[in-house]
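A look at the structure
Read off the chains here:
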Amino acid sequence: MATGIILGLKVLGYIHKKYFQMIGEENTPYSEILDFSTIDFFPHEIGKAVINYILSEA
């Protein structure tokens, strides 16, 4: 989604990192190509931890 917003605003004449900043989700090749930061929530690791917790006797 961040990629689409960056490219859409570019068409309107706005320059990323000059007129606005964008932070995306997950570390994708698009974020490297368009040079914007991302947050990765590591869903596989979180899911694994949740299942381990649910199945534990804690």
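Above this note sits the structure.
Conventions we followed
Residues numbered from 1 in each chain as written. Predicted model: local features only at pLDDT ≥ 70, side-chain atom pairs only at ≥ 80, totals over all residues. Heavy atoms only, no water. Salt bridge = Lys/Arg side-chain N within 4 Å of Asp/Glu carboxyl O. Helix = DSSP H or I, 4+ residues; strand = E, 2+ residues; numbered from the N terminus. Patch = residues over 30% accessible without salt bridge, like charges linked within 9 Å, V, L, I, M, F, W, Y side chains within 5 Å. Areas by Shrake-Rupley, 256 points an atom, 1.4 Å probe, with all protein chains shown as cover. Buried < 20%, exposed > 50% of the residue type's maximum accessible area, 1.4 Å probe, protein only.

Regarding the pattern of salt bridges
- Overall, the coordinates contain 1 salt bridge when judged by the stated rule.
- In this structure, Asp 35 and Lys 17 form a salt bridge, with 2.9 Å as the shortest nitrogen-oxygen distance. Of the two residues, Asp 35 is situated in the loop between helix 2 (29–33) and strand 2 (37–39) and Lys 17 in the loop between helix 1 (2–11) and strand 1 (23–25); the sequence distance between them amounts to 18 residues.

Observations concerning a nonpolar patch on the surface
- On the surface, Ile 23, Ile 39, Phe 41, Ile 46, Val 50, Ile 51, Tyr 53, Ile 54 and Leu 55 cluster together into a nonpolar patch covering about 970 Å² of accessible area.
- Here the nonpolar patch gets 6 residues from one element, more than from any other, and that element is helix 3 (residues 43–55).
- Secondary-structure assignment places Ile 23 in strand 1.

Some thoughts on unusual backbone geometry
- The backbone phi angle of Glu 26 is positive, close to 70°, even though this residue is not glycine.
- Assignment of secondary structure puts Glu 26 in the loop between strand 1 and helix 2.
- Residues other than glycine seldom take positive phi values, yet Phe 42 does so here, at roughly 50°.
- Along the polypeptide, Phe 42 turns up in the loop between strand 2 and helix 3.
- On the basis of relative accessible area, Phe 42 is assigned to the partly exposed category, the value being 47%.

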